[in-house]
Structure formats: C-alpha cells, structure tokens
Amino acid sequence: MQLEGKRIIVTGVASGIGAGTLRAYVREGATVTGLDIADQAGEKIVAEANAERPGRAHYRHCDISAPEQVFSAFDAAARAMGGIDVLSWTRTIAYEWASKYNIRCNCVNPTIKTPMYQQYLDSLDAEALAQHLASEKRQVPLGGSMGDVDRDMAPVMVFLASDASRFINGQIICVNGGRNMLRG
Ligand SMILES: NC(=O)c1ccc[n+]([C@@H]2O[C@H](COP(=O)([O-])OP(=O)(O)OC[C@H]3O[C@@H](n4cnc5c(N)ncnc54)[C@H](O)[C@@H]3O)[C@@H](O)[C@H]2O)c1
C-alpha cells in the first residue's frame, strides 16, 4: 500500500477526477476526507470506497468557493483525521512552503473523460461532435481520445500523494496523452 498512514483531503469527490482519486487513495490505505456540494453523490462514492477498503473515507459538505466553508471543513477534517498530509496550490507557495514547512505543492493538468466532459459532448450537434472527435484524435498522440479516470489519472494522483514523489515540487504534471505537444 502506497498511502498507508497518509491523511488526505480531496475536493470534488462526487464525480469525475475527484471520485476516481478518492477511490484510489482509499485502495492504497489512506484516510481521506472528501468534500463536495453534491452531498448524495458524494456520500455514495465514499460508501463505495469504504466497502472496498483498506483505507477509510469520510464525506463532508463544502462549497470550495466559500472561504469560510473551506476553513471550517479543513479544521474539522484535520481534527477528525489527526492532521493533514496532502494539499497543494501555486508555485510561489510551492517554494515558500517547501523551505518553511517541508510541504510539496504540485499541479495536475488533465485530459480525462468525466461527467463534465460528457455533458460538453452531449451539448454538441452531430456535425460539431464529429469535428470535435476528429480534432481530439489528431491532438492526442496516445490513443486519440481523452484518458480514463481510474487507469490514467488515479495512479498519478496516488504517486503525487505518496513518498515516491518526495522530491517533486512546484511542477505541473500533464496527464493528457501528449496533447500539449500538438495544436490544431
Ligand atoms: N476532466 C478534464 O480533463 C479536466 C481538464 C481540465 C480541468 N479540469 C478541472 O478538474 C476539475 C474536476 O473536473 P472533472 O472533469 O472531474 O469534473 P466533474 O464535473 O466530473 O466533477 C466536478 C465535481 O466538483 C464538484 N463541485 C463543483 N463545484 C463545487 C464547489 N463549489 N465546491 C465543491 N465541489 C464542487 C461537483 O459537484 C462535482 O462532483 C474541474 O475543476 C475541472 O474544471 C478537468
């Protein structure tokens, strides 16, 4: 288990990347607090992850656009888990927090199939959809389409939360099949 003993907060756990990340963290033995505003879906993802074990997850309502909710959710999560081991933000913080507190800060830039992406596809008419899929095929050298949350994204999130990435800090990790190498 790569995340045994780690205490982690994951935002947006009710769907897509957040849900896949929470599932993978629990599978790797972490204790996770999952935040979202879609409470019913969030509780369901957390219950499914707990059924798989060996880690443990808790769900908490938090609108991350409301600072007071973020502060109180983080306080409550830190109290419930006995601390927090994983969190991230900007490159300035990556430098300052690393030298002051030994906290690493990294960013992931994804190209991943999720309900958000599906909603976008559903909004296109047949011609626009065909054009979009053709351009995706050209733009993504690995496989010609968006990646999968569980196979392509979650393992990278596990790696970044684990001690295996202890010397990686202030980086943008592109999980996009090489999409940024090409345009058009
Ligand atoms: N999927 C991609 O390839 C991709 C690419 C670039 C950026 N992103 C970003 O990554 C994030 C996750 O994307 P996804 O594709 O998994 O989307 P998603 O729609 O599948 O999931 C987003 C989750 O965030 C929750 N959420 C929305 N507003 C919130 C708020 N104010 N407070 C707390 N939770 C909130 C939603 O309820 C939902 O559960 C988004 O910010 C998205 O813009 C995704």
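Source: prediction; values computed, not measured.

**Some points on the domain arrangement of the chain**
For step 1, the next point in the chain: When the domains of the chain are assigned, the result is domain 1 (7-110 + 149-175) and domain 2 (113-146).
For step 2, the next point in the chain: Distance between the C-alpha centres of domain 1 and domain 2: 27 Å.

**Focus: the pattern of salt bridges**
For step 1, the next point in the chain: This model, assessed by the stated rule, comprises five salt bridges.
For step 2, the next point in the chain: The residue D163 makes a salt bridge to K6 at a minimum N-O spacing of 2.7 Å. Of this pair, D163 sits in the loop between α7 (149-161) and β5 (172-175) while K6 sits in the segment before β1 (7-11), and the two are 157 residues apart along the sequence.
For step 3, the next point in the chain: According to the relative accessible area criterion, K6 is buried, its value standing at 16%.

**Thoughts on the site of the ligand**
For step 1, the next point in the chain: Near the ligand lie 18 residues; those nearest to it are S15, I17, D36, I112 and T114.
For step 2, the next point in the chain: D36 has a polar side-chain atom sitting 2.6 Å from an oxygen atom of the ligand.
For step 3, the next point in the chain: In isolation the ligand has 840 Å² of accessible area, and contact with the protein removes 64% of it.
For step 4, the next point in the chain: Among the elements of the structure, α1 (16-27) and α5 (115-122) are those that each provide at least two residues to the shell around the ligand.

**Description of the side chain of N50**
For step 1, the next point in the chain: Along the chain, N50 falls in helix α2 (residues 39-52).
For step 2, the next point in the chain: Judged by relative accessible area, N50 falls into the buried class, the value being 11%.
For step 3, the next point in the chain: Reaching out from N50, the side chain makes a polar contact with the backbone nitrogen of A57 at a distance of 2.7 Å.
For step 4, the next point in the chain: If near-sequence neighbours (up to four positions away) are discounted, N50 is found in contact with G55, R56 and A57.

**Thoughts on the side chain of T33**
For step 1, the next point in the chain: Relative to the elements of secondary structure, T33 occurs in strand β2 (residues 31-36).
For step 2, the next point in the chain: Aside from chain neighbours lying at most four places away, what touches T33 is I8, I9, V10, H58, R60, A77 and M81.

About the thresholds
Residues numbered from 1 in each chain as written. Predicted model: local features only at pLDDT ≥ 70, side-chain atom pairs only at ≥ 80, totals over all residues. Heavy atoms only, no water. Domains from an automatic or database assignment. Salt bridge = Lys/Arg side-chain N within 4 Å of Asp/Glu carboxyl O. Helix = DSSP H or I, 4+ residues; strand = E, 2+ residues; numbered from the N terminus. Buried < 20%, exposed > 50% of the residue type's maximum accessible area, 1.4 Å probe, protein only. Near = heavy atom within 4 Å. Polar contact = N/O pair within 3.5 Å; in protein donor to acceptor, adjacent residues only side chain to side chain. Areas by Shrake-Rupley, 256 points an atom, 1.4 Å probe, with all protein chains shown as cover. Contact = heavy atoms within 4.5 Å.

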